[in-house]
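# Close look at the chain arrangement
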Amino acid sequence: MADTWDNVTIPEFNSLLQMDPYLKQYEKDFRRRYGLFEKRLLLLEEAEGGFDQFTRSYRTFGVNRMADNTLVLREWAPAAEALFLTGDFNGWDNFSHPYKKKEFGKWELCLPPKHDKSPAIEHNTKLKVVVHTKKGERLYRISPWAKYAIQSEKQVIYDWVHWDPPQPYLHIHPRPKKPQSLRIYESHVGIASPLPEVASYTNFTINVLPRIKDLGYNCIQLMAVMEHAYYASFGYQVTSFFAASSRYGTPEELKQLIDTAHSLDIVVLLDVVHSHASQNTEDGLNCFDGSDSCFFHSPPRGEHVLWGSRLFNYSSWEVLRFLLSNLRWWMEEYRFDGFRFDGVTSMMYHHHGIGSMFSGDYSEYFGLQVDEDSLVYLMTANHVLHTLYPDCITIAEDVSGMPAVCRAVAEGGLGFDYRLAMAIPDKWIQILKELADEAWDMGNIVYTLTNRRYGENCIAYAESHDQSLVGDKSLAFWLMDKEMYTNMSSLIPMTPVIDRGIQLHKMIRLLTHALGGEGYLNFMGNEFGHPEWLDFPRKGNDESYHYARRQYNLLETDHLRYRQLYNFDRDMNRTEDKYGWLAAPPAFVSAKHEGDKVIVFERGNVLFLFNFHPTRSQTNYRVAVASPGKYTIKLDSDEVEYGGHGRLDHNTEFFTEPQSFNERDNSMLVYIPCRTALILGNDDTESCY
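Residues numbered from 1 in each chain as written. Predicted model: local features only at pLDDT ≥ 70, side-chain atom pairs only at ≥ 80, totals over all residues. Heavy atoms only, no water.

### Some thoughts on the pattern of salt bridges
The final tally for this structure, using the stated rule, is 49 salt bridges. Here glutamate 372 and arginine 32 are joined by a salt bridge, their closest N and O atoms 3.0 Å apart. Of this pair, glutamate 372 sits in helix 9 (residues 372-388) while arginine 32 sits in helix 3 (residues 27-48), and the two are 340 residues apart along the sequence. Between glutamate 252 and lysine 255 there is a salt bridge, with its nearest N and O atoms 3.7 Å apart. On the criterion of helical spacing, the pair formed by glutamate 252 and lysine 255 is a turn pair, its members being 3 residues apart in helix 6 (residues 251-263). The exposure classification of glutamate 252 matches that of lysine 255, with both residues buried. Here the residues in one salt-bridge network are Asp20, Asp398, Arg419, Arg453 and Glu456, joined through shared partners. (Salt bridge = Lys/Arg side-chain N within 4 Å of Asp/Glu carboxyl O. Helix = DSSP H or I, 4+ residues; strand = E, 2+ residues; numbered from the N terminus. Buried < 20%, exposed > 50% of the residue type's maximum accessible area, 1.4 Å probe, protein only.)

Put into structure tokens, the structure is as follows:
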């Protein structure tokens, strides 16, 4: 077999090797992966007429209405003895509507229209698939392709509801162009309101979208949209993969949300969970046909011991059909603009990342611990998405740092556009937990923010959504803790804790934004230092919604300092929009001075200055700069509007001297107040765009 892979040609592999010559010794691994990917595409062509047809299988599986209102139902249940359809339409008769057995474990049922030519199953009525197993069991199941599922009052199990509205929502607005600089507002629809309830898609459309636009974010990443029976799972235990969660409203209301976002020139990404599935049987995929495999590997390979969930069999033809069609469904039906793939590290390795430190040694990324079925699935998914939708954005949640995750499939990569820079929020937490301000290590901070694979785009973020959960702390909480409840009024003098917290909150965000990646992400509410954690209703809190919300109402009270943090976040994004540092090459760092606690770097034709010193302002401080000319202040974290002390005169002009300094030909003298971040722009040069 080795000879087979030797004959595989990866079209642009040399581009990858030019970027990283150390990968040459793993060429066989790349050839084998690419060979398996090519083989899969070829088989799709031969067996299904190509991936375009194959990924539209949602038009043939589940329930589909034909032009004459005939309903055709198709399922894949290879281990089943017999299949029947029951529901409101037949008075819940378990035997009146049998499916016919077809080849390859497929089952089919045709329902002609009623006498009045209307479909046999009415819109918004309940259904079940009745599965008879070889052991003689009778199981009631939701179709894996169900487009809508609801939880009736006082009922734990979700019901499958036939969704086929007489007047479906029609998208009016075209998709926006792919942003050069990606500024992501990570959002959960259900908590996007100050009220102690599950908020709706419509609430998000009316009340949150204008805020996101005002803040300068050009991308929304929607969490917890794929239907999940357990609200507190944050959407990561999916039960119905084709159903938009009904707890926030109808599919049509989600379509309106996305369409409205497009009208505001905001792209929308779906947090897609293809790494695992809920182990629920009655309203999930697990044991759909009565077997312990079907969509998944049999145990133990098909079980995730830490997550308590089922793991897909990516080598199965029908699983491939299901997952690739799922991506296509969200792109076509809802007009999402791309995906953040959850749990990619778990997918890529047989050990799922459990107990692995990932030191960066290349041997960790190749060999028998790598799950090549998963890699080939991810390559195929990215190839399909980027071929059909050239502007599609895909982001990998990968903590391992595997090389070529964000390189093109044609180079031998997995084809993602970005990966999450997951080490950055961990670093900020560690610093705030363990170090006094005087002990902050400027070099170590810069190293963490710049330590990414050259040529592979990263999404930087200062804190993760997990930090907002009960039991953990957001950055604002780490910085200001209980004083956020008592001392956030601007009508009283700032306490030392609030002063420190507000200044560092802004500096940490700007430094992460400017230095940490090629995109930036913020979890909703954290931009203004949301004062409380997130705790979904559960038995342990008497099913309370008190903490399952975001208190945007705090921004309406002008004298609260949350508004000052909001204003800074807004102007930080707007300044990036003007100068485009996220789309620029990596920064040139000219200073990381430990004693002065100063970091200086250039990116996107602007100069960034950070003085983290708790007490010492830097007067007549020499900083290096490449372009000569006159510089003025473009953003100043010390402005009073942002909760700063207003120590800088914004009419000041800074002129360079031809005095080389810190590896730059020019330099100038500046004043940087303590705990202040500045952006200076050269009025003689254009912005990056």
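### Topic: the nonpolar core
Formed by 181 residues in total, the largest nonpolar core has its most connected members in Phe204, Leu254, Trp330 and Trp428. Non-local contacts of tryptophan 330, meaning those with residues more than four positions away in its chain, are made with Val225, Met226, Phe241, Phe242, Ala243, Ala244, Leu254, Leu270, Arg335, Phe336 and Phe339. Among the nonpolar cores identified, the runner-up in size contains 17 residues, and Leu609, Tyr631, Phe654 and Val670 belong to it. (Core = buried A, V, L, I, M, F, W, Y, C linked by side-chain atoms within 4.5 Å. Contact = heavy atoms within 4.5 Å.)

### Focus on the sheet that holds strand 1 (residues 62-65)
Read across the open sheet, the 4 strands follow the order 1-2-5-4; overall the sheet is antiparallel. Among the strands making up the open sheet, the edge pair consists of strand 1 and strand 4 (100-101). Sheet topology places strand 2 (residues 71-76) next to strand 5 (residues 106-111); 6 bridges connect them, and they run antiparallel. Paired with leucine 71 across the strands is leucine 111, a residue of strand 5. (Pairing = 2+ DSSP bridges.)

### Things to note about empty space enclosed by the protein
Tallying each qualifying case throughout the model produces 1 cavity of 30 Å³ or more. Space inside the largest cavity adds up to approximately 30 Å³. As for the largest cavity, its lining consists of Thr55, Leu324, Leu327, Arg328, Ala381, Val384 and Leu385. Elements with a contribution of two residues or more to the lining of the largest cavity: helix 7 (317-333) and helix 9. Class assignment for the residues of the lining of the largest cavity results in 5 nonpolar, 1 polar and 1 charged. (1 Å grid on protein atoms, 1.4 Å probe; cavity = no way out; pocket = protein on both sides within 12 Å on 5 of 7 lines; lining within 4 Å. Points joined across faces, edges and corners; volume = space filled by probe spheres on them. Nonpolar A, V, L, I, M, F, W, Y, C, P; charged D, E, K, R; others polar.)

### What about the packing of helix 3 against helix 7?
Where helix 3 contacts helix 7, the axes come no closer than 13 Å and their chain directions differ by 90 degrees. It follows that helix 3 is roughly perpendicular to helix 7 by the angle criterion. In this structure, helix 3 uses Arg40, Leu43, Leu44, Ala47 and Glu48 to contact helix 7, whose residues at the interface are Trp317, Leu320 and Arg321. (Axes fitted to C-alpha atoms, helices over the stretch in contact; angles between N-to-C directions. Parallel < 35°, antiparallel > 145°, perpendicular 65-115°, else oblique.)

### Looking at the packing of helix 11 (residues 442-450) against helix 13 (residues 496-515)
Where helix 11 contacts helix 13, the axes come no closer than 9 Å and their chain directions differ by 45 degrees. As the angle between them shows, helix 11 and helix 13 are arranged oblique. Remark: the crossing between helix 11 and helix 13 carries right-handed chirality. Contacts between helix 11 and helix 13 involve Ile445, Val446, Leu449 and Thr450 from the former and Leu511, Thr512 and Leu515 from the latter. When the residues that make up the contact of helix 11 with helix 13 are grouped by side-chain class, the tally is 5 nonpolar, 2 polar and no charged. (Left-handed = near helix turned anticlockwise from the far one by under 90°.)

### Notes on the packing of aromatic side chains
Summed over the entire model, instances satisfying the criterion amount to 47 aromatic pairs. Aromatic side chains tryptophan 76 and phenylalanine 295 sit 5.3 Å apart centroid to centroid with 85 degrees between the ring planes, which places their arrangement in the edge-to-face category. In this pair, tryptophan 76 is assigned in strand 2 and phenylalanine 295 in the loop between strand 14 (267-272) and strand 15 (303-304), connecting sequence segments 219 residues apart. Take tryptophan 76: its relative accessible area is 11%, and that puts it in the buried class. Between lysine 255 and the ring centre of tyrosine 334, over which it is positioned, the NZ or CZ distance is 5.5 Å. A cation over a ring is seen here: arginine 664 above phenylalanine 588, with NZ or CZ 3.7 Å from the ring centre. (Phe/Tyr/Trp six-rings, centres within 6.5 Å; stacked < 30°, edge-to-face > 60°. Lys NZ or Arg CZ within 6 Å of the ring centre and 35° of its normal.)

### Here we look at unusual backbone geometry
The residue after proline 299, namely proline 300, is reached through a cis peptide bond having omega 5 degrees. For proline 300, the position within the fold is in the loop between strand 14 and strand 15. The phi dihedral of glutamate 543 falls on the positive side, at around 55 degrees, and the residue is not glycine. Mapped onto the elements, glutamate 543 comes out in the loop between strand 21 (519-523) and helix 14 (562-579). Non-glycine residue asparagine 662 carries a positive phi angle of around 45 degrees.

### Examining the environment of alanine 548
One can find alanine 548 in the loop between strand 21 and helix 14. Residue classification places alanine 548 among the buried positions, given a relative accessible area of 0%. In this structure the C-alpha to C-alpha distance between alanine 548 and histidine 188, which are 360 residues apart in sequence, comes to 10 Å. Ignoring sequence-local partners within four residues, the contact set of alanine 548 consists of Gly190, Ile191, Glu197, Leu534, Asp535, Phe536 and Pro537.

### Brief notes about the sheet that holds strand 26 (residues 630-636)
If you trace the 6 strands from one edge of the open sheet to the other, you get 22-23-24-29-26-27, paired in antiparallel fashion. Each of the sheet's edge strands pairs with one partner strand only, and the pair in question is strand 22 (588-593) and strand 27 (654-655). Pairing geometry for strand 26 and strand 29 (residues 676-682), over 5 bridges, is antiparallel. Residue pairing in the sheet places threonine 632 in a bridge with glycine 681 of strand 29. Each of strand 22 and strand 23 (598-603) is contacted by helix 11, which is oriented at about 150 degrees to strand 22, the strand it contacts most. Along the sheet face, helix 14 touches strand 24 (606-611), strand 26 and strand 29 and points at about 140 degrees away from the line of strand 26.

### A word on the pairing of strand 13 (residues 240-244)
Along strand 13, 5 of the 5 residues are buried, which leaves the element largely enclosed by surrounding structure. Bridge count for strand 12 (residues 226-227) against strand 13 is 2 bridges, and the pairing is antiparallel. Looking at the pairing, methionine 226 lines up with alanine 244 of strand 13.

### Some words on helix 11
Regarding helix 11, the residues found buried are Met442, Gly443, Ile445, Val446, Thr448 and Leu449. In this structure, the buried side of helix 11 is in contact with helix 10 (423-434), helix 13, strand 22 and strand 23. Between the side-chain oxygen at the start of helix 11 and the backbone nitrogen of glycine 443 there is a gap of 3.0 Å, and the oxygen is on aspartate 441. (Polar contact = N/O pair within 3.5 Å; in protein donor to acceptor, adjacent residues only side chain to side chain.)

### Looking at the environment of tyrosine 389
Within the secondary structure, tyrosine 389 sits in the loop between helix 9 and strand 18 (393-396). Along the chain, tyrosine 389 and leucine 127 lie 262 residues apart, while their C-alpha atoms are 34 Å from each other. For tyrosine 389, the contacting residues outside a window of four places in its chain are Arg175, Arg328, Met331 and Glu332. A polar contact is formed between the side chain of tyrosine 389 and the side chain of glutamate 332, at a distance of 2.6 Å.

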